[in-house]
Amino acid sequence: MLLILILIFTAISFFEAISLAGKNQRKEVISIIILTALGISFAVFKVFNIPTPIVVLKSLFYPLGRMVFRNH
Amino acid sequence: MNKKEIISTNQFVWMLFTIITSFTTLQILGMLIFHAGREAWLSAVVAWFLDVMLALVYGYMGIRFPGQNMMQYSITILGKFFGRIAALLFCFFFLMVASLLMRSIGMLIGNVILPNTPLQLIILTGFIFSGFAVKKGIETIARTCEVLGPIYLISLILLIIFIAPLVDINNLKPQLTHGVYPFLSGSIFILSYIGICIIMGMYIPICNHQENGFIAKFTAVSIGTFVISALVSLGVGVFGVEQAGNLVNVGWQLTRMIDIGDIIQRVEIIWMIIAIGAGIMTVTNMIWAASLGFSQTIGLSSHKPLVYPTILIAMVLSIISFDSNVELLNFAFYSYPFIGIIIESGLEIFLFITAILLKK
């Protein structure tokens, strides 16, 4: 399911990038490619059990949160 | 050249109001009651005061750097390298909030209305609406919020009026049984959610009266805090502090209690449609801010080409970051408040102090 969703958005971004490439807007095209690659790589990371930034932040602040909230 | 988009002060207020209340009427109120107990309303009042103080800083920065949003003045203050890092922190924060909120909306819809529908499909649908709105531009988003905001406020006021007779005042007593710690730490918790309206830093440069930034935020956050305080008080008053603290969605449960003369019943679905609409508009605002921030940090002429790639990242994070709803709630309760406070208050105050010290 996630793969299908990623393909849909990658296809949309791809068509957008093609039209921008036609207008010679290289910076825009490169930005689209980088951001799309970032989105895809987060999904690939999941396959290899590499945590997403949100999971990293969660584990970083969770102990502090346990100390502060509902600790009375 | 792109046409400069302008919003009115009125739209500014309704956009902020939609953002504040949409987040807090999902799962957050139950968590606040769980932590602060009967004093949850007091947490909201303290958070309101702190947020108004924060709004002063954002309002001042908006006037000190006219025509620049917080991403742009980060670069003006800190220089190209460190400024871009600060700007990207704001962008990723908005992206994270969009992911978190859309996942919360997906969880709510999945639990209540569409239990057999895959979560991914619900999230995808929400993001497609958001993407369409962001592509149309901030003026379209502002007009939608200008229509949706008053409807949402009226629905909340009607909810308060209909539920008030069911309140058992004894459930709200005694106050401050555990001292001041629960409500003070609870105020930090709720501030991190109310504080999402730091997005005002993005609205100020596109407002037709930039000097009205503080007034707009003050108005929105005051109405929003009233709604939050009323809902938590009603939740505790109707269900009792133990039960209300364990409810995933207090607002939803309150709407289920409405029963007028055995004729008007089960109005929760109407309220839910409005709440989900407001939630999706909030996601839209976050995606708009993130994609605009990315484009300005990179130096692009328009943010529109980056809308769908930004949505792709938000959607992937929203789906894969939490294996279950419990993980989402744990993140929202224990981890998010610190991230929110660091970005919303810490980063902005750092920029404010640096701007004064460097005389920028």
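Model, not experiment: these values are computed from the prediction. (Residues numbered from 1 in each chain as written. Chains lettered and ligands numbered in written order. Predicted model: local features only at pLDDT ≥ 70, side-chain atom pairs only at ≥ 80, totals over all residues. Heavy atoms only, no water.)

Undergrad: Lay out the confidence of the model for chain B with the relevant residues and their values.
TA: Overall, the prediction assigns chain B a mean pLDDT of 90, with 99% of residues at 70 or greater. Predicted complex, confidence summary: ipTM 0.90, pTM 0.93. (pLDDT = per-residue confidence, 0-100.)

Undergrad: Now, about the interface of chain B and chain A: what can you tell me, with residues and values included?
TA: Tallying the contact residues gives 48 residues for chain B and 40 residues for chain A. Summing both partners gives a buried area of about 4000 Å² for chain B against chain A, and 78% of it is carried by carbon and sulfur. Notably, a salt bridge pairs Lys58 of chain A with Glu327 of chain B, separated by 3.9 Å at the nearest N-O pair. Taken together, the elements giving at least two residues each to the side of chain B that touches chain A come down to helix H1 (9-36), helix H3 (70-112), helix H4 (119-136), helix H6 (181-194), helix H11 (268-298), helix H12 (307-320) and helix H13 (325-357) of chain B. Broken down by class, the residue content of the side of chain B that touches chain A amounts to 33 nonpolar, eleven polar and four charged. (Contact = heavy atoms within 4.5 Å. Buried area = accessible area lost by both parts, 1.4 Å probe. Salt bridge = Lys/Arg side-chain N within 4 Å of Asp/Glu carboxyl O. Helix = DSSP H or I, 4+ residues; strand = E, 2+ residues; numbered from the N terminus. Nonpolar A, V, L, I, M, F, W, Y, C, P; charged D, E, K, R; others polar.)

Undergrad: I'd like a description of the environment of Phe189 of chain B, backed by residues and values.
TA: Its place among the elements puts Phe189 of chain B in helix H6. It is 10.0 Å that separates the C-alpha atoms of Phe189 of chain B and Ser335 of chain B, two residues lying 146 residues apart in sequence. For Phe189 of chain B, the contacting residues outside a window of four places in its chain are Phe69 of chain A together with Ile28, Met31, Leu32, Ala332, Phe333 and Pro337 of chain B.

Undergrad: With reference to specific residues and values, describe the nonpolar core.
TA: All names here are of chain B. Counting 157 residues, the largest nonpolar core has Phe94, Tyr203 and Trp288 as the members making the most contacts within it. Of all the elements, H3 adds the most residues to this core, at 21 residues. Once residues within four sequence positions are removed from consideration, Tyr203 is found in contact with Ile7, Phe12, Met15, Leu16, Ile19, Ile138, Asn285 and Trp288. (Core = buried A, V, L, I, M, F, W, Y, C linked by side-chain atoms within 4.5 Å. Buried < 20%, exposed > 50% of the residue type's maximum accessible area, 1.4 Å probe, protein only.)

Undergrad: Give a description of the side chain of Asn285 of chain B that names residues and reports values.
TA: All names here are of chain B. Note on placement: Asn285 falls in helix H11. A distance of 2.7 Å separates a polar atom in the side chain of Asn285 from a polar atom in the side chain of Tyr203. Beyond its immediate chain neighbours, meaning those up to four positions away, Asn285 contacts Met15, Ile19, Ile138, Ile141, Cys145, Ile199 and Tyr203. (Polar contact = N/O pair within 3.5 Å; in protein donor to acceptor, adjacent residues only side chain to side chain.)

Undergrad: Quick one: what's the story with the environment of Phe23 of chain B, residue by residue and with numbers?
TA: Residue and element names in this part refer to chain B. Following the sequence through the fold, Phe23 ends up in helix H1. Separated by 260 residues in sequence, Phe23 and Val283 have C-alpha atoms that sit 9.8 Å apart. Those residues within four positions of Phe23 in sequence are excluded, and the remaining contacts are Ile28, Val97, Leu100, Leu101, Tyr193 and Ile196.

Undergrad: Which residues make up the pattern of salt bridges, and what values go with them?
TA: Residue and element names in this part refer to chain B. What the rule picks out here adds up to five salt bridges over all chains. When the shortest N-O distance is used, the salt bridge between Asp51 and Lys217 registers 3.4 Å. With Asp51 in helix H2 (residues 40-64) and Lys217 in helix H8 (residues 213-239), this pair connects stretches of sequence that are 166 residues apart. By relative accessible area, Asp51 is classed as buried at 0%. For Glu268, the salt bridge is made with Arg266, and the minimal N-O distance between the two is 2.7 Å. Judged by its relative accessible area of 3%, Glu268 is buried.

Undergrad: Residues and numbers for the packing of aromatic side chains, please.
TA: Counted under the stated rule, the structure contains 25 aromatic pairs over all chains. Each ring, one from Phe333 of chain B and one from Tyr334 of chain B, has its centre 4.8 Å from the other, and the planes form 70°; the classification is edge-to-face. Each of the two residues, Phe333 of chain B as well as Tyr334 of chain B, counts as buried. Joined through ring pairs, the aromatic side chains of Phe61, Tyr62 and Phe69 of chain A together with Phe34, Phe93, Phe94, Phe189, Tyr193, Phe333, Tyr334, Tyr336 and Phe338 of chain B make up one cluster. (Phe/Tyr/Trp six-rings, centres within 6.5 Å; stacked < 30°, edge-to-face > 60°.)

Undergrad: Outline the confidence of the model for chain A, supporting the account with residue identities and numerical values.
TA: With 96% of its residues at a pLDDT of 70 or more, chain A shows a mean pLDDT of 85. At the low end of the mean pLDDT range in chain A sits helix H1 (residues 2-22) of chain A, at 80; at the high end sits helix H3 (residues 53-68) of chain A, at 91.

Undergrad: Residues and numbers for H8 of chain B, please.
TA: Residues and elements named next belong to chain B. Here H8 contains 27 residues, and its C-alpha end-to-end distance of 38 Å stays within 8% of the 39 Å for a straight helix at 1.5 Å per residue. When you tally the buried positions in H8, you get 19 out of 27 residues, the bulk of the element. One or two steps after H8, the chain reaches Gly240, where phi turns positive at roughly 90°. (Expected span 1.5 Å × (residues − 1).)

Undergrad: Could you give me a rundown of the packing of H1 of chain B against helix H5 (residues 138-163) of chain B, with the residues and numbers involved?
TA: Residue and element names in this part refer to chain B. Remark: H1 packs on H5, axes separated minimally by 8 Å, with the N-to-C direction vectors making an angle of 60°. When the interaxial angle is binned, H1 and H5 end up oblique. As for how H1 packs across H5, the hand of that crossing is left-handed. Judged by residue contacts, Asn10, Gln11, Trp14, Met15, Phe17, Thr18, Thr21, Ser22 and Thr25 of H1 engage Ile138, Ile141, Ala142, Arg143, Cys145, Glu146, Gly149, Pro150, Tyr152, Leu153 and Leu156 from H5. When its residues are assigned to classes, the contact of H1 with H5 shows eleven nonpolar, seven polar and two charged. (Axes fitted to C-alpha atoms, helices over the stretch in contact; angles between N-to-C directions. Parallel < 35°, antiparallel > 145°, perpendicular 65-115°, else oblique. Left-handed = near helix turned anticlockwise from the far one by under 90°.)

Undergrad: Describe the side chain of Ser13 of chain A, listing the residues and the values that go with them.
TA: Positionally, Ser13 of chain A belongs in helix H1. According to the relative accessible area criterion, Ser13 of chain A is buried, its value standing at 2%. Setting aside residues up to four positions removed in sequence, Ser13 of chain A forms contacts with Ile32 and Thr36 of chain A together with Tyr308 and Pro309 of chain B.

Undergrad: I'd love a proper account of the environment of Gly22 of chain A, names of residues and values included.
TA: Structurally, Gly22 of chain A can be placed in helix H1. The spatial distance from the C-alpha of Gly22 of chain A to the C-alpha of Leu7 of chain A is 22 Å, given a sequence separation of 15 residues.

Undergrad: If you had to explain the packing of H5 of chain B against H11 of chain B to someone new, which residues and values would you point to?
TA: All names here are of chain B. Running from N to C, H5 and H11 cross one another at 145°; their axes reach a closest spacing of 10 Å. For the element pair H5 and H11, the recorded crossing hand is left-handed. In contact with Ile138, Ile141, Thr144, Cys145, Leu148, Ile151, Tyr152, Ser155, Leu156 and Leu159 of H5, H11 contributes Trp271, Ile274, Ala275, Gly277, Ala278, Met281, Thr284, Asn285 and Trp288. Considered class by class, the residues forming the contact of H5 with H11 number 14 nonpolar, five polar and no charged.

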